[in-house]
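Residue-level structure breakdown
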Amino acid sequence: MEQFRQIGEVLGSVKALMVLQDDIQINRRQCCLLLHIFTLAFNTIAEEIKQNLKLEEKATKWKPLEEPLKELYRVFKEGEFYVRRCLDSKDWWGKVVSLHQNKDSIEFHIHNLLSCFPAVIEAIETAGEISGLDQDEMRKKRLMLLKKYDRSWHDHKLFQWRFGKQYLVSREICHQIDCAVREDGWLLIGAIKEKIKKGSVTKNEQRLGDFLQKKLNGQLLSNGKLPPSSILLTAEDYHVRRRLGGGSEYKEIQWLGETFVLRHFFQDIGPLSSEISTLLSLSHPHIVPYLCGFYDDERKECFLIMELMSKDLYAYMRENSSSKRHVAFPLTVVVDIMLQVARGMEFLHSRKIYVGDLNPTNIFLKPRKSTEGYFHVKVSGFGLTSVENHASRSALLYQNSFDPCIWYAPEVLAEIEQTGPAGSSLTHKYSEKADVYSFGMLCFELLTGKLPFEDGHLQGDQMTKNIRAGERPLFPSLSPKYLVNLTKKCWHTDPSHRPSFSSICRVLRYIKKYLVMNPVDGQLVMQSPPVDYSELEAGFLKWHPTEINCDPVSVSQIPFQMFVYRIAEKEKTSLSFRFKKSETTEAASNGWDENTSLVEDAPESDARSISPDMKTVCFDTSSIFIDDHDRKIPSDLRSVRSEPPDKRILMIQKGSKSNARVRKTTVKQKAPPPGRTLPWDSPGLSSRERLYASPLSPDKRKANRQTLSPKRS
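A short tour of the structure in this document, coming up. Residue positions within a chain follow its written sequence, with the count starting from 1. Local features are withheld for residues below a pLDDT of 70 in this predicted model, meaning they are given only at 70 or higher, and side-chain atom pairs are given and counted only at 80 or more; totals for whole chains, interfaces and linings count all residues. Excluded from the side-chain calculations are hydrogens and water; all other atoms, namely the structure's heavy atoms, are used.

Re the overall build of the chain
Going by this rule: Note on conventions: DSSP H or I runs of at least 4 residues are helices, E runs of at least 2 residues are strands, and numbering of each starts at the N terminus. Only protein chains enter the calculation, and the probe is 1.4 Å; a residue is then buried if its accessible area is under 20% of its type maximum, exposed if over 50%, and partly exposed in between. In this analysis, two residues are considered to be in contact whenever any of their non-hydrogen atoms come within 4.5 Å of each other.
The helix and strand tally for the chain stands at 26 helices and ten strands. Looking at the chain as a whole, 51% of its 713 residues are labelled buried. Partitioning the contacts of the chain with sequence separation of at least 6, the portion at a separation of at least 24 is 71%.

Here it is, written out as structure tokens:
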């Protein structure tokens, strides 16, 4: 209840700020949308709690809500900081440059809200199932939830009509999400025109305003030229603070009251005008954006303004690791970083832009103001590779002391060996599947705190050959299996077997939800999810094949995707339970009685009642994959089912369940003369022997069990 109260306080703060919403000139519509959807989220949770929970049980049965509500509080707090920044009118032109194409309200804050909200709803449902003392009421709640996660709702339109309001994706909200950024662009153009019309701006600010208007209208680089560099260089507060990256190409600068990164190089931009125009049009919360650019025709000198981040991932991990503590981040933060990188790569790939050199030096971090230990993560290192300062790049790699080949996919290494590094840059080095491979290596470093292959068993020329042959880094034994499996899929030798970044994002979102609902609580080893989420993604793509290769869907689709995952997860877990139950039932019909000993002639001291754990000992299906379509059963399980009658397993409990052991005994039956087999209805056979020798089906034998084998008293 305390977490819910804190969320209400943040919502009240945002409402107080938005009293002055008419004064917001940058991203007003996105701020209004953020307040609206936060209010809906708070009211929905209040209604769900009112319907499902009882206040007198808050100290006991509300426990599943704690971590999901903490995550939701972080989302609300980050949204509050965003609204404060948009409201601040100080250094207005600097904020216009930083935020004029910003989509963080939707693509970051609302994305995070819609990603964690299903966890809140399911946590309330989980607590509601055990809330109250009326057994009949609790049974009805379970029946209602069983019908909610039914495959009949496995359609986006049906989901929106039935659950859209509950999951904050009603048709009204979806329309506002689609329109907010476009409307903010129109409002900002009007605000710039108004300032220029009043005549209260300098000549440089007027020229900058004209450039930003063209950019917002999609008329960037008219005549193939950038505005003159004098707009930047003659500004009163412009100055260079320091050089970045070991060379002269990147610098930290102060301009218009804000700090930026300046990418500075000398080259004729005529052949590059199309690429520069594309880079300036990109906007996503998980890529380092190119905000604006300037050019000096006489000196062939180009200046591109980029967002400043705190430091790259490589530097941060080396500064925060030690001999006793290799991993720099908790597991929840690791998954959060992986998801943000994957979302940035998903956006770039949808624009047919490939990084090629996806490694920790091209992943940048900025601490979040709202939550200690969490970061805003952005991808860099893409675009304008033809003007890259190779000397400074080589110096940086030497300084970082790692071979860039460890991040390249096997097909890239093969081409580099054939054509050399220069030739590879035009083909495989920049491809979707090569980036996925590099992402897998990045995941390995995040999970282990080690550079791939840093142990030294693969170095030099031999390393490249072994990587192409299938050699991969080794995970420690305590690594989370569900993340290890995802990583191994990413670095698969065959590119066609590697997932897309859209698939990776869906899996990581669901893993993040799992971690929120199952906190570690100081345990060294965390339990694994009930199913492999990569299998759920495979099922999702079968049901929705249009999602395999397409642009990133709107954030409003996220609750539906997670709902489909939840349906598949429930189906697989319930199918596994039913399978175990049916196997145990069939075993009982063949003489396995849970309440009696199994062998008639066993000594009385050894005849013990078999506990429910017998099901796990005799019919363990933890390593069995059951396909819902094919209903395939592996041969090792069939061997258990078809065990001959002269082989019996006796479970004997000595003291506690932990001391249970399995004893194999043999029931001898009279052998028929050589060359002759006793028929199943031979009078010489006992009733139990007749039961096992019967040619009837298992179901028929079960029906006739009372006749063939009377129940033991």
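Remarks on the sheet that holds strand β8 (residues 375-379)
Selection criterion: In this analysis, strands are considered paired if DSSP registers two or more bridges between them. To get an axis, fit a line to the C-alpha atoms, keeping to the stretch in contact for a helix; angles then go from 0 to 180 degrees between the N-to-C directions.
Strand order in this open sheet of three strands is β6-β7-β8, and the pairing throughout is antiparallel. Each end of this open sheet is capped by a strand with a single partner; those strands are β6 (311-312) and β8. Bridging between strand β7 (residues 363-367) and β8 involves five bridges; their strand directions are antiparallel. Looking at the pairing, Pro367 lines up with Phe375 of β8. Across the sheet, helix α13 (residues 331-350) is in contact with β7 and β8; its angle to β8 comes to roughly 35 degrees.

Points about the pattern of salt bridges
Selection criterion: By salt bridge we mean one thing: a side-chain nitrogen of Lys or Arg within 4 Å of a carboxyl oxygen of Asp or Glu.
Scanning all chains against the criterion turns up 31 salt bridges. Note that Arg263 and Glu249 form a salt bridge whose closest N and O atoms lie 2.8 Å from each other. Here Arg263, found in strand β3 (residues 258-266), pairs with Glu249, found in the loop between β1 (239-244) and β2 (250-255); they are 14 residues apart in sequence, far enough to count as distant. For Arg498, the salt bridge identified is with Glu411, shortest N-O distance 2.9 Å.

Some remarks on the sheet that holds strand β4 (residues 290-296)
In space, the five strands of this open sheet follow the order β1-β2-β3-β5-β4, with antiparallel pairing throughout. A single partner strand is all that each edge strand has here, and the edge strands are β1 and β4. On average, each strand axis in the sheet is tilted by 30 degrees relative to the strand beside it, whichever way the strands run. Examined bridge by bridge, β4 and strand β5 (residues 301-307) share six bridges and lie antiparallel to one another.

Quick word on the packing of aromatic side chains
Keep this limit in mind: Stacked, tilted and edge-to-face are the three classes applied to pairs of Phe, Tyr and Trp rings, where Trp contributes its six-membered ring and a pair requires centres within 6.5 Å; stacked means planes under 30 degrees apart, edge-to-face means over 60, and tilted covers the rest.
As enumerated under the stated definition, the model contains 26 aromatic pairs in all. Centroid distance Phe4 to Phe42: 4.6 Å. Interplanar angle 5 degrees. Geometry classified as stacked. Of this pair, Phe4 sits in helix α1 (residues 2-17) while Phe42 sits in helix α2 (residues 28-52), and the two are 38 residues apart along the sequence. The two residues Phe4 and Phe42 agree in class, both being buried. Ring geometry for Tyr510 against Tyr533: centres 4.9 Å apart, planes inclined by 90 degrees, an arrangement best described as edge-to-face. Highlighted residues: Tyr510 in helix α19 (residues 501-517) and Tyr533 in helix α20 (residues 533-543), separated in sequence by 23 residues.

Looking at helix α11 (residues 273-281)
As a reminder of what qualifies: As used here, the arc is the angular range of directions from the helix axis to the C-beta atoms.
Of all the residues in α11, the buried ones are Ser273, Ile276, Leu279 and Leu280. For α11, the angular spread of buried residues about the axis comes to 125 degrees, placing them on one side. For α11, the elements touching its buried residues are α9 (203-216), β4 and β5.

Side note on the packing of α13 against helix α16 (residues 432-448)
Each packed pair of helices is defined by two parameters, the angle between the axes and the distance between the axes. Where we set the bar: An angle below 35 degrees is read as roughly parallel, one above 145 as roughly antiparallel, one from 65 to 115 as roughly perpendicular, and any other as oblique. Handedness of a helix crossing follows the sense of rotation of the near helix relative to the far helix, less than a right angle counterclockwise being left-handed and clockwise being right-handed. Each residue is assigned to one class: nonpolar for Ala, Val, Leu, Ile, Met, Phe, Trp, Tyr, Cys and Pro, charged for Asp, Glu, Lys and Arg, and polar for all the others, Gly among them.
Two elements in contact, α13 and α16, have axes whose closest approach is 11 Å; the angle formed by their N-to-C orientations is 165 degrees. Our classification of the angle between α13 and α16 gives roughly antiparallel. For the pair α13 and α16, the sense of crossing is right-handed. Residues Leu331, Val334, Ile337, Met338, Val341, Ala342, Met345 and His349 of α13 touch α16, and the partners they reach there are Glu432, Asp435, Phe439, Leu442, Cys443, Leu446 and Leu447. Along the lines of polarity and charge, the residues of the contact of α13 with α16 split into twelve nonpolar, one polar and two charged.

What to know about the side chain of Ser115
Heads up, the condition is: Polar contact is defined as a pair of N or O atoms within 3.5 Å, subject to the rule that within protein one atom must be able to donate a hydrogen and the other to accept it, and that residues adjacent in sequence are counted only when both atoms are side-chain atoms.
Among the secondary structure elements, Ser115 is positioned in helix α5 (residues 104-129). Side-chain polar atoms of Ser115 contact the backbone oxygen of His111, separated by 2.8 Å. Not counting the four nearest positions on each side in its chain, Ser115 is found in contact with Arg509, Ile558 and Met562.

Some remarks on the nonpolar core
Rule in force here: The set of buried Ala, Val, Leu, Ile, Met, Phe, Trp, Tyr and Cys residues whose side-chain atoms join them within 4.5 Å is what this entry labels a nonpolar core.
Formed by 178 residues in total, the largest nonpolar core has its most connected members in Trp255, Phe329, Phe439 and Leu508. In this structure Trp255 touches Val97, Leu208, Ile231, Leu232, Ala235, Asp237, Tyr238, Phe260, Cys292, Phe294 and Ile305, once residues within four positions along its chain are discounted.

Looking at the pairing of β4
Burial within β4 is extensive, with seven of its seven residues counted as buried. Here β4 hands over to β5 after four residues, with Lys300 in that stretch at a positive phi of 55 degrees.

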